[in-house]
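# Fold and geometry: a report
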Amino acid sequence: MKNLVKKIISTALVLFCFTAAFAEEALSSEIVEQLQENVFEVVTLKIEEDPLTYEKKLPLDRLPYQIRTDKYDSIGTAFLMKDGHFYTAAHVLSLYKLSQSDKFFVRSTDGTTYKIGNVIKFASDRDFVIFDAVDFDASGKGLEFESKVKKNSTVYAVGNAQGEGIVIRNGLLTSETPEHRNGSWKWLRFSAAASPGNSGGPLVTSAGKVAGIVTMKNSSENLNYALPVSEISKVADNKGEIHGEFYYNIPNVLSQKFYHTVDCTLDLPMELEKVRDICHKKYKEATSEFFDSISPDYAYTGKENFVTKDPGTHILSSEWGPDFPNVLCLNDKGKWSSYSPQDISTVKLEKNGKIHIGAMCGFIMTYLKKPDNVSVESYIKDPKLLMDTLAKALTIPRVIGAEKIAITSYGKPSYTSTSKDVLGRTWLISAFNIPFADAVIYNLSLPLPDGIFTLTGLAETDTIYNGYVYDLDFISDFVITSYTGTLKDWKEYMAIPESVYPRHDFIKDAKLNSVKTSTEFSFSKLNITCPKEVVNIDDKSVIDCGISLRPDEKNGLKLEMSYITVHAQENTNDETLVLFTNKYKPNKEASKDALDNYKKICSKTIPYDGKPFEQEQNTAIFHVDEKDDHVVIVTLIYKGSKMKIIEGNLEKLLKTIK
């Protein structure tokens, strides 16, 4: 989570302004003037509307005047050539990345802006694009190319360094470096300083001619890269080439990374907006298709899942009721197991509410235990209320100057939907834009009797919608939760109308009824009536329900209720615990311990012999009823020494079980 917040902060710190400042280099005044006339800022229209609410008024007056008053954000550099076209790096125009800022312009040194019009040619792998500007008169203007530049000759990086104006900085052309994919061309490697904002600017010779387009910076040394101008002609006229490569990680598959490429072409010219839209769709389709090709192997029906590879795993022979939800993961040793975040912190809310928060698999995980005065149904109906509550734990700041101002509300969601996982649980989807950082908070939330569990992705807009949407949907199948709450919580949860929130499949037909003399439960295969004289259940009594993962022909696995634990009259002398367990027979591949334990229960050896015993100042008794593929274990525990009454009360309880 810290890395994600740092990314947001660093994005907010990139504050742009435009002032022409030229280094004192050995370029003639005529060349400097020519560069000044033909090198432009690339700017985007600022998003004026801010849906966020902050802990206090933003101190925008502390920003430099130019930034406060400029209605544009400066993002890179472009330059004009003698052919009348503009040139820049493809990544400057976010050709294949979804962005909340989608209005692009070039701005001259006198402050005049021109909307970018048609794209003439581009290649994503070579990282260049040629375009026109609307209503721009290129007559008699433009720079010239120089395709032959000697090594160790002086070159100049010209660009809008750090978004603070056009700067000319000198260095040497040190070498040529083969591109990493298959060595199809060589990048120009140079020592002239280049900063964020230089991208797309020209690398020029001492004669002021363009040798290349500045594209990227070396992360480990003070050397930078430019595309040689000779490579531009390698792409056919009026064509756009998309060549991309990436490694894809399924978030809960830690043992494998998947390599993928994207290759296609576009016919040009075409308006920039349409080009960006098509390119983004191509990348999204490729990512989606690739994910769909690899993920089935790891689904519950897949060849790499534990259901197929390790049917004896403890995952299939355990009853699950974690305090904090777990995620089933394939670890880096190739073994499936369950995990929860290592570091879970707690934020207290009013009226006994709490937020437990941690991070794992690249996502933030929160378990909101609702305050007494807020219902789960309220959070389901109002995603803004849920997000505003979670904001108390996420504590993401906006940085203005050196001051961090906390975000207290993300406003209304920009997108809402639902998804149903393979285990029959409906997840609530909500997305919230963070315009100042071109980022999105994307939530998958699972309503539970006592609150909401949420998986949250926080990243750049394109990363969310061209990656995290698939990841979160996939990982939701592997989340294991308990179902916990007071009797009052359960009544409210089960009373939520299907039109508001459909109940999870495995408790779809569950019933809970409480009257003066008894409380009736009907969950899965358990149908029980608890007389008040045996266990005095009231609205404050806590009911914990655990789950088992059972084989299913269609989806590989299904959820079933494995136990119900009722905690009644807690912290009194009449404190009682009653536990009803469906213990399923482990399959033959299960561990020896699991098989031996099941055999011990079936043979009714101590303590499963139906005889009361005292332990740790409590009186307990177990009853075992053997079925075809499972046993039903009824456990009754009273506080203190109550040997005389516990057997009789167990008998009364057993008569109610169907």
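Everything below is about the structure printed above this text.
In this report, we go over the structure that sits alongside the text.

Reading the values: rules and limits
- Residues numbered from 1 in each chain as written.
- Predicted model: local features only at pLDDT ≥ 70, side-chain atom pairs only at ≥ 80, totals over all residues.
- Heavy atoms only, no water.
- Helix = DSSP H or I, 4+ residues; strand = E, 2+ residues; numbered from the N terminus.
- Buried < 20%, exposed > 50% of the residue type's maximum accessible area, 1.4 Å probe, protein only.
- Contact = heavy atoms within 4.5 Å.
- Areas by Shrake-Rupley, 256 points an atom, 1.4 Å probe, with all protein chains shown as cover.
- Lys, Arg positive; Asp, Glu negative; His and termini not counted.
- Charge placed at Lys NZ, Arg CZ, Asp CG, Glu CD.
- Pairing = 2+ DSSP bridges.
- Axes fitted to C-alpha atoms, helices over the stretch in contact; angles between N-to-C directions.
- Core = buried A, V, L, I, M, F, W, Y, C linked by side-chain atoms within 4.5 Å.
- Salt bridge = Lys/Arg side-chain N within 4 Å of Asp/Glu carboxyl O.

## Description of the overall build of the protein chain
Within the protein chain one finds eleven helices and 38 strands. Counting only C-alpha atoms, the protein chain reaches 105 × 55 × 40 Å along its principal axes. Here the protein chain, with 658 residues, has 53% of them falling under the buried criterion. Sequence-distant contacts in the protein chain: of pairs separated by 6 or more residues, those separated by 24 or more amount to 61%. Total accessible area on the protein chain stands at roughly 29700 Å², and carbon and sulfur atoms take up 48% of it. Each charge class in the protein chain can be summarised by its mean position, and for the 78 positive and 88 negative side chains these summaries are 4 Å apart.

## Quick look at the sheet that holds strand 30 (residues 511-514)
Taken in spatial order, the three strands of this open sheet run 30-31-32, and their pairing is antiparallel. Each having just a single partner strand, strand 30 and strand 32 (526-531) make up the two edges of the open sheet. Mean inter-strand twist for the sheet, computed between neighbouring axes without regard to direction, equals 5°. Summarising the sheet, strand 30 and strand 31 (residues 518-523) pair through four bridges and their orientation is antiparallel. Residue pairing across strands places K511 opposite S522, the latter belonging to strand 31. Running over the sheet, helix 9 (residues 487-494) touches strand 30 and strand 31 and is turned about 130° from strand 30.

## Description of the pairing of strand 32
Relative to strand 32, strand 31 runs antiparallel, the two sharing six bridges. Of the residues in strand 32, the one forming a bridge with T519 is C530. Between strand 31 and strand 32, which pair antiparallel in sequence order, lie two residues; one of them, S524, sits at a positive phi of approximately 55°.

## Looking at the side chain of T635
Counting through the fold element by element, T635 comes out in strand 38 (residues 630-639). Owing to a relative accessible area of 3%, T635 belongs among the buried residues under this scheme. If near-sequence neighbours (up to four positions away) are discounted, T635 is found in contact with L577, V578, L579, I621 and F622.

## Describing the sheet that holds strand 22 (residues 397-400)
Taken together, three strands build an open sheet; the order of strands is 2-23-22 and the sheet is antiparallel. Each of the sheet's edge strands pairs with one partner strand only, and the pair in question is strand 2 (53-54) and strand 22. Relative to strand 23 (residues 403-409), strand 2 is paired through two bridges, and the arrangement is antiparallel. Counterpart to T53 in the pairing with strand 23 is S409.

## Some remarks on the nonpolar core
In terms of nonpolar packing, the biggest core is built from 152 residues, with L93, F122, Y410, Y442, F523 and L549 touching the most fellow members. If near-sequence neighbours (up to four positions away) are discounted, L549 is found in contact with I315, L316, W320, L328, L423, I480, L557, K558 and L559. Residues Y87, I120, V210 and I232 belong to the second largest nonpolar core, which totals 27 residues.

## Comments concerning the pattern of salt bridges
Applying the stated criterion to the full structure yields 29 salt bridges. As a salt-bridge pair, K209 and E144 come within 3.7 Å of each other at their nearest N and O atoms. With K209 in the loop between strand 11 (202-204) and strand 12 (210-217) and E144 in the loop between strand 7 (128-133) and strand 8 (154-160), this residue pair connects regions lying 65 residues apart in the sequence. According to the relative accessible area criterion, K209 is partly exposed, its value standing at 29%. In this structure, the salt-bridge partner of D625 is K627, at a minimum N-O distance of 3.2 Å. Ionic contacts of the salt-bridge type, sharing partners, join the residues E41, D70 and R107 into one network.

## Quick notes on the side chain of S541
Residue position: S541 is located in the loop between strand 32 and strand 33 (542-552). With residues up to four places along the chain from it excluded, the contact list for S541 reads G485, T486, L487, N536, H567, A568 and Q569.

## Some points on unusual backbone geometry
Following L268, the chain continues into P269 via a peptide bond in cis, with omega recorded as 5°. Along the chain, the position of P269 falls in the loop between strand 15 (258-267) and strand 16 (270-271). At the junction of I606 and P607, the peptide bond is cis and its omega measures out at 10° in the coordinates. Following the sequence through the fold, P607 ends up in the loop between helix 10 (592-602) and strand 36 (613-615). With a phi angle near 45°, T395 is a residue other than glycine that sits in the positive phi range.

By themselves these figures say nothing about function.
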